[in-house]
Amino acid sequence: MRIGWLASLGLGVIGGCRTSTLPPAAQGDEVALANYPRVVVLDGLQPFIAISEPSVTRGSDQPLRVSVPVRAVTQHEELNVQYRFLFFDEHGRVLEPEMVWRYERLPSKAQRFFDAGAMDQRAVDWRLEIRPAR
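The rules we used
Residues numbered from 1 in each chain as written. Predicted model: local features only at pLDDT ≥ 70, side-chain atom pairs only at ≥ 80, totals over all residues. Heavy atoms only, no water. Pairing = 2+ DSSP bridges. Helix = DSSP H or I, 4+ residues; strand = E, 2+ residues; numbered from the N terminus. Axes fitted to C-alpha atoms, helices over the stretch in contact; angles between N-to-C directions. Contact = heavy atoms within 4.5 Å. Patch = residues over 30% accessible without salt bridge, like charges linked within 9 Å, V, L, I, M, F, W, Y side chains within 5 Å. Areas by Shrake-Rupley, 256 points an atom, 1.4 Å probe, with all protein chains shown as cover. Salt bridge = Lys/Arg side-chain N within 4 Å of Asp/Glu carboxyl O. Core = buried A, V, L, I, M, F, W, Y, C linked by side-chain atoms within 4.5 Å. Buried < 20%, exposed > 50% of the residue type's maximum accessible area, 1.4 Å probe, protein only.

S.K.: When you look at the sheet that holds strand 6 (residues 102-106) in this model, what are you seeing that I'm missing?
M.R.: Two pairing modes exist for strands in a sheet, parallel and antiparallel, and in both the strands are linked by backbone hydrogen bonds. The mixed open sheet is built from four strands, whose spatial order is 1-8-5-6. The open sheet has two edge strands, strand 1 (39-41) and strand 6, and neither has a second partner. Shown here is a sheet whose adjacent strand axes are inclined to one another by a mean of 30°, direction ignored. In this sheet, strand 6 lies alongside strand 5 (residues 79-88) in antiparallel orientation, the contact comprising five bridges. Within strand 6, the residue paired with Tyr-83 across the bridge is Arg-102.

S.K.: Even after reading the chapter, I still don't get the side chain of Thr-74, so can you show me in this structure?
M.R.: Tracing the backbone shows Thr-74 in the loop between strand 4 (65-72) and strand 5. Setting aside residues no more than four positions away along its own chain, Thr-74 makes contact with Phe-48, Leu-79, Ser-108 and Lys-109.

S.K.: Explain a nonpolar patch on the surface to me, please; I cannot follow it from the model alone.
M.R.: A cluster of nonpolar side chains, Val-31, Leu-33 and Tyr-36, forms an exposed patch at the surface whose accessible area comes to about 280 Å². Position of Tyr-36 among the secondary structure elements: in the loop between helix 1 (2-16) and strand 1.

S.K.: Could you clarify how one ought to interpret the nonpolar core in this entry?
M.R.: Soluble globular proteins: nonpolar side chains tend toward being buried together. Formed by 23 residues in total, the largest nonpolar core has its most connected members in Phe-85, Phe-87, Phe-114, Trp-126, Leu-128 and Ile-130. For this core, the secondary structure elements donating two or more residues are strand 4, strand 5, strand 7 (111-117) and strand 8 (125-132). Per-element accounting of this core gives the leading share, five residues, to strand 5. Every residue in contact with Trp-126, bar those within four places of it in the chain, is listed here: Arg-38, Val-39, Pro-54, Val-56, Leu-64, Val-66, Val-68, Phe-85, Leu-86, Phe-87 and Phe-88.

S.K.: What am I meant to see in the environment of Ala-50 here?
M.R.: In this fold, Ala-50 is placed in strand 2 (residues 49-51). In sequence terms Ala-50 and Val-70 are 20 residues apart; their C-alpha atoms lie 5.9 Å from each other. With residues up to four places along the chain from it excluded, the contact list for Ala-50 reads Pro-69, Val-70, Arg-71 and Val-73.

In structure tokens:
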């Protein structure tokens with residue numbers, strides 16, 4: 001009799017210790033948006049890609065236009081990469097439509113220019129993402 005009572009007490013205690021039903025929250029980003037790099041090299045390409053000073057232009061009645069000199073810093077290997085530009089409004093929101101990924105073959109040590117123009121006059125900032133070709 002006493003064993004049955006202890007067993008039911010144990011089950012009651014276990015049942016009363018419920019875990020939270022909240023979903024797990026994302027962690028905060030240590031990199032402030034203002035410090036996020038303009039050119040982001042993804043998926044292990046960082047040691048093999050070098051960039052020079054971007055050219056950013058905007059006419060009085062023209063949207064933002066960006067050109068970034070990019071070079072593969074490999075000894076002999078060509079790199080097959082994809083890139084896309086993102087354009088942002090004054091509030092830091094990505095403007096639509098987002099650019100699709102473009103394919104580019106980077107010969108060893110030769111410079112290529114990745115460029116794009118915003119489709120919207122509201123564009124005030126930009127980011128370039130480069131990844132291995134898929």
